Amino acid sequence: MAKIEGIRIRNFRVLKDIILGKLWNTKSIKPLTPMTAVIGKNGVGKSSLFDAFGFLADCLKFGVEEACDARGRGGFQHIRSLGSKEPIQFEVYYREEIKARPITYELSIDIDDSGRPYVARERLRQRRSGQKRGQPFSFLIMESGKGLAWNGEVEGLMEDQDMFDLDQFLMGLQAEEKSNKELIELQDKRKLGIATLGALKQHPRIASFRQFIEGWYLSYFTPDAARSLPLAGPQKHLNIHGDNLGNVVQFIEREHPSKFKEILARIAEKVPGIDRIETERSPDGRLLLRFNDKGFDDPFYAQQMSDGTLKVFAYLIMLEDPSPPAFICVEEPENGLYHKLLEVLATEFRAHATGKRNSSQIFVTTHQPYFIDALSPQETWVLEKQDDGFATIRRASDDNIVNAMAEQGLPLGSLWYSDYLERG
């Protein structure tokens, strides 16, 4: 399963320049853990960090201009860091599998003379087999919609990021040198190169990275959406709003009947009161989720469930996906939950992320101490706002005192509540 080992975000709202985890040129830094939680006070940039992943996924799906306007972002000038004239930049360092050579994806988004956002630069890089140090080789490099892609598993081009002139290189390229390269020119420079080339069989590394991002699950779950009455019909995966929850339950019930009973038994242990869950088709073809409470003979429906109970049920169903997404990102899962359920939910997230089979990398933003009681300092990052209004981030395990206290059995949430984690 693919995994993000590190990410750098520049000029995105209050995230002027932050790095989480390991990049290709930070060898001594430990990579992100399978389960990662980012904590911090209100207004420090947790929502911006969550939306940075959503923005990157939307850039692939819609193109950069539409992504700037999607989900109420308000356009490029509203999401670029205040006062900055530099491009919005992302650097994602990931592995397709444990033993695979890491790949770096770099994306730079700027505005043209008419104020329209476009892809200023895009690059995919990977070190050669056996190469332990030095710069990785680019196998996709594009500027303003033009560039080169290397076919298959061909290693690519070594170039200096600051000095390399792509236009000059393309002009000097001899015909015999083009045998393993593909000259690229997109009709629309607002679209990502990986969106087009990732659909072609001759570019397997690009295709793998595109599929990785396409498979991200970013939870915009709302209980009201989950209470909607969708048309009956099984669906394999929970969507980002959760309004197909009943369809997913129907899919698991139909395709994995024995596993479905196990799932319900496990959920019943975690969510107080639930004894049995079933699906029911209404006369007009809508799908109802029917719950049986341990203390009552008559069932009740999702429309009658509390927000917290419905949310926990949806998250647990998401974790039971037979083919889960490689990356799950959840913003403030604690909203609407009874505090004793938070540690249960965090434990379930962590168990799924660290599992050997069908696991996902899970990234959570939270401001609840109870949630991180189940986590270690290595899995927890502290986001803080500085005097200049921009955010900084650090691992809780960077503090030796925090490590020592956690090793003595003090819960991390209690340390946070007692101001041991935040410096400001």
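Residues numbered from 1 in each chain as written. Predicted model: local features only at pLDDT ≥ 70, side-chain atom pairs only at ≥ 80, totals over all residues. Heavy atoms only, no water.

Draft legend 1. Spatial organisation of the sheet that holds strand S14 (residues 327-331). The strand order S10-S14-S15-S3-S16-S17 describes an open sheet built from six strands, whose pairing is mixed. The strands lining the two open edges of the sheet, one partner per strand, are strand S10 (217-219) and strand S17 (391-395). Taking the axes of each pair of neighbouring strands and ignoring which way they run, one obtains an average angle of 15° across the sheet. Sheet analysis places strand S3 (residues 35-39) next to strand S16 (residues 380-385), joined by three bridges and oriented parallel. Bridged to Ile39 within S16 is Val382. (Pairing = 2+ DSSP bridges. Helix = DSSP H or I, 4+ residues; strand = E, 2+ residues; numbered from the N terminus. Axes fitted to C-alpha atoms, helices over the stretch in contact; angles between N-to-C directions.)

Draft legend 2. Seen up close, the packing of helix H8 (residues 245-255) against helix H9 (residues 257-270). Closest axis-to-axis distance for the H8/H9 pair is 5 Å, and the angle between their directions is 125°. With respect to their mutual orientation, H8 and H9 come out oblique. Taken together, the residues of H9 that come into contact with H8 (itself represented by Val249, Ile252, Glu253, Arg254 and Glu255) are Pro257, Phe260 and Ile263. Of the residues contributing to the contact of H8 with H9, the split by class is five nonpolar, no polar and three charged. (Parallel < 35°, antiparallel > 145°, perpendicular 65-115°, else oblique. Contact = heavy atoms within 4.5 Å. Nonpolar A, V, L, I, M, F, W, Y, C, P; charged D, E, K, R; others polar.)

Draft legend 3. Representation of the pattern of salt bridges. All told, the structure shown has 18 salt bridges when counted by the stated rule. In this structure, Arg190 and Glu65 form a salt bridge, with 2.7 Å as the shortest nitrogen-oxygen distance. Placement of Arg190 in the loop between strand S9 (181-185) and helix H5 (193-197) and of Glu65 in helix H2 (residues 64-69) is noted, with a sequence separation of 125 residues between them. The exposure class assigned to Arg190 is partly exposed, which follows from its relative accessible area of 30%. The shortest N-O distance in the salt bridge between Glu143 and Arg121 comes to 2.3 Å. Placement of Glu143 in strand S7 (residues 137-143) and of Arg121 in strand S6 (residues 117-126) is noted, with a sequence separation of 22 residues between them. Judged by relative accessible area, which is 23%, Glu143 ranks as partly exposed. Within this structure, Arg13, Asp51, Asp58, Arg71 and Arg73 form a network of salt bridges that share partners. (Salt bridge = Lys/Arg side-chain N within 4 Å of Asp/Glu carboxyl O. Buried < 20%, exposed > 50% of the residue type's maximum accessible area, 1.4 Å probe, protein only.)

Draft legend 4. How the structure looks around helix H10 (residues 307-319). Given a rise of 1.5 Å per residue, 13 residues ought to cover 18 Å, and the 19 Å separating the end C-alpha atoms of H10 matches this to within 8%. Within H10, eleven of the 13 residues are buried, leaving the element largely enclosed by the surrounding structure. For H10, the full list of buried residues reads Gly308, Leu310, Lys311, Val312, Phe313, Ala314, Tyr315, Leu316, Ile317, Met318 and Leu319. (Expected span 1.5 Å × (residues − 1).)

Draft legend 5. Representation of helix H11 (residues 339-353) in the model. The terminal C-alpha atoms of H11 lie 22 Å apart, and with 15 residues this matches the ideal 21 Å at 1.5 Å per residue to within 8%. Its buried side turned inward, H11 meets S3, H9, H10, strand S15 (361-366) and helix H12 (369-372).

Draft legend 6. Structural view of the packing of aromatic side chains. Throughout the structure, instances matching the rule amount to 17 aromatic pairs. Look at Tyr94 and Phe212: their rings are 4.8 Å apart centre to centre, the planes differ by 10°, and that puts the pair in the stacked class. Of this pair, Tyr94 sits in strand S4 (residues 88-95) while Phe212 sits in helix H6 (residues 204-214), placing them 118 residues apart in sequence. One exposure class covers both Tyr94 and Phe212, and it is buried. Note on Phe212 and Trp216: the rings are 5.8 Å apart at their centroids and 85° apart in plane angle, and the pair reads as edge-to-face. Grouping residues by exposure puts Phe212 and Trp216 together as buried. Counting every residue linked through ring pairs, the aromatic cluster contains Phe53, Tyr94, Tyr105, Phe209, Phe212, Trp216, Phe327 and Phe363. If you follow Arg71 out to its NZ or CZ, it ends over the ring of Tyr220, 4.6 Å from the centre. (Phe/Tyr/Trp six-rings, centres within 6.5 Å; stacked < 30°, edge-to-face > 60°. Lys NZ or Arg CZ within 6 Å of the ring centre and 35° of its normal.)

Draft legend 7. Inspection of the environment of Arg116 at higher detail. Its place among the elements puts Arg116 in the loop between strand S5 (103-111) and S6. Sequence-wise, Arg116 and Arg190 are 74 residues apart; in three dimensions their C-alpha atoms are separated by 8.7 Å. Arg116 has contacts with Glu65, Asp110 and Ile111, leaving out every residue within four places of it along the chain.

Draft legend 8. A look at the nonpolar core. In this structure, Leu20, Leu49, Phe53, Leu192, Ile194, Phe212 and Trp216 are the most contacted members of the largest nonpolar core, which totals 64 residues. It is helix H1 (residues 46-62) that contributes the most residues to this core, nine residues altogether. Those residues in contact with Leu20 that sit more than four places away from it in its chain are Glu5, Gly6, Ile7, Leu32, Val38, Leu49, Phe363, Trp381 and Ile393. Judged by nonpolar contacts, the second largest core, of 53 residues, contains Ala37, Ile39, Ile267 and Leu375. (Core = buried A, V, L, I, M, F, W, Y, C linked by side-chain atoms within 4.5 Å.)

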